[in-house]
Amino acid sequence: MKRRTFLDQSSLGVTSLLIAPHVLGCAPKTETQAVIGKSTPYVISTWNVAQANTIAGKALEEGANALDAAVAGVAFEEANIQNTTVGKGGAPDRDGNVTLDACVMNHLGDCGAVLAVENITHVAALAKDVMEQTPHVILAGTGARKFALEQGYTPEDLLTDSSKKAWEKWKEKGNYQPEINVENHDTIGMLCCDAKGNLSGVCTTSGLAYKMQGRVGDSPIIGSGLYLDNEVGGAVATGLGEEVIKTVGSFLIVELMRQGRTPQQACEEAVQRIIKKQKGKPDFQVAYVATNKKGEIGAYSVHSGFSYSLYKNQNNQNIESNSVF
Ligand code: GLY
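Computed from a prediction, not measured in an experiment: that's the story for all the values here. (Residues numbered from 1 in each chain as written. Predicted model: local features only at pLDDT ≥ 70, side-chain atom pairs only at ≥ 80, totals over all residues. Heavy atoms only, no water.)

For the rest of this paragraph, the subject is the sheet that holds strand β8 (residues 233-239). Taken in spatial order, the five strands make up an open sheet running β7-β8-β9-β10-β13, and their pairing is mixed. The open sheet has two edge strands, β7 (226-229) and β13 (322-323), and neither has a second partner. Pairing analysis gives seven bridges linking β8 to strand β9 (residues 286-292), with the strands arranged antiparallel. Pairing of G239 across the sheet is with V286, part of β9. The sheet contacts of helix α9 (residues 249-258) involve β7, β8 and β9, and relative to β8 the element is tilted by about 150°. Relative to strand β10 (residues 297-301), helix α10 (residues 263-276) is tilted by about 20°, and along the sheet it contacts β9 and β10. (Pairing = 2+ DSSP bridges. Helix = DSSP H or I, 4+ residues; strand = E, 2+ residues; numbered from the N terminus. Contact = heavy atoms within 4.5 Å. Axes fitted to C-alpha atoms, helices over the stretch in contact; angles between N-to-C directions.)

Below you can see the structure in the form of structure tokens.
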């Protein structure tokens, strides 16, 4: 399908065809939390991911629940081979293997994750399947791939010609240096609030370019790349995963909001927690976006250049974040 046609048809129904057929519209687990009532749906995502954000936002407006909308939204970027940091076309590890990480969390506090998966494009949907179809939270590597195939996912070669060329060029020198704002985007973390006022989130990535084989960052780690509590709010992270994991960044932000910080104050404190441990100006980027149950939004990053996407009332905006440096 041509990209333009895809965009024109990107309602929830069409997007869902890219994912395993049973992924969307499955029966919810027992509701343990009160439904908040009617609210205006909205979507926030790390970076300028207008199409993904809009797909999720439109799905919410059509009545999708927050998790289905988020999985459908990020599926666009997972399939977008121009995006070298997520899904198919993502940069490989230093040995040339593309390995993907993702996690999901819903308003009931249920979660699922897949780590270092090869040959499967839609790892956010796969993480949702781990949550819904298995007794586990995390499946890694060959086990996650095997589970995907059992669930009906089609195996694909995720290394595109252009990411192979870039990797071969990198190998000439083989410098292993995290880059700040690589191509101005990185991991997609997305939080959706649906018409019932319920929050869910997704985080999906191909991880650090030219990482060591087996390296996993923050993105699929619940509490680091993503965390939410439907009574408080949610947060997602992007940037150098090692630094996010060391401070359990997304969990920290949600707990700070629980203590009364606004999303902005909580994101700033989480970034400062990282900065305090550094000697001088860090040579890496970390950024957070968060929202609370009032619908307030905050974002903050170590370096300038980070932005987030907000979809609300049929309108998508890209908003620059404040930063320490
Ligand atoms: N934040 C993506 C990673 O470090 O893998």
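Helix α4 (residues 66-79) packs onto helix α3 (residues 50-61) with a crossing angle of 155° between their chain directions and a minimal axis gap of 7 Å. One element, α3, and the other, α4, form an angle in the roughly antiparallel class. Considering how the two elements wind past one another, α3 and α4 form a crossing that is right-handed. In this structure, α3 contributes Q51, A52, I55, A56, A59 and L60 to the contact, and α4 contributes A66, A69, A72, G73, F76 and E77. Its residues assigned to classes, the contact of α3 with α4 shows nine nonpolar, two polar and one charged. (Parallel < 35°, antiparallel > 145°, perpendicular 65-115°, else oblique. Left-handed = near helix turned anticlockwise from the far one by under 90°. Nonpolar A, V, L, I, M, F, W, Y, C, P; charged D, E, K, R; others polar.)

Take the pairing of β10 next. Most of β10 sits inside the fold, with four of its five residues counted as buried. Summarising the sheet, β9 and β10 pair through five bridges and their orientation is antiparallel. Pairing of T291 across the sheet is with I297, part of β10. Following β9, the chain reverses through four residues before pairing antiparallel with β10; G295 in that reversal takes a positive phi of roughly 85°. Here β10 pairs with β13 via two bridges, running parallel. Counted as the bridge partner of S301 is S323 from β13. (Buried < 20%, exposed > 50% of the residue type's maximum accessible area, 1.4 Å probe, protein only.)

With that settled, consider the nonpolar core. Within the largest apolar cluster, 45 residues are counted, with the highest numbers of intra-cluster contacts made by L226, I253, M257, V286, Y288, V289 and F306. Considering each element in turn, this core owes the most residues, six residues, to α10. With residues near it in sequence (within four places) discarded, I253 still touches A235, A266, C267, A270, Y288 and A290. (Core = buried A, V, L, I, M, F, W, Y, C linked by side-chain atoms within 4.5 Å.)

Residues in contact with the ligand, as listed here, are D186, T187, T205, G207, L208, R215, G217, D218, S219, G239, L240 and G241. Between the ligand and R215 there is a distance of 2.6 Å, counted from an oxygen atom to a side-chain nitrogen or oxygen. Take D218: an N or O atom from its side chain is 2.8 Å from a nitrogen atom of the ligand. When grouped by side-chain class, the residues that make up the shell around the ligand number two nonpolar, seven polar and three charged. (Near = heavy atom within 4 Å. Polar contact = N/O pair within 3.5 Å; in protein donor to acceptor, adjacent residues only side chain to side chain.)

What follows concerns the environment of I81. Within the secondary structure, I81 sits in the loop between α4 and β2 (100-105). A residue is classified by how much of its surface remains accessible, and I81, at 40% relative accessible area, is partly exposed. Linking I81 and D161, residues 80 residues apart in sequence, is a C-alpha distance of 10.0 Å. Apart from residues lying up to four places away in sequence, I81 is in contact with K88, G89 and T160.

Just distances and angles here, no functional claims.
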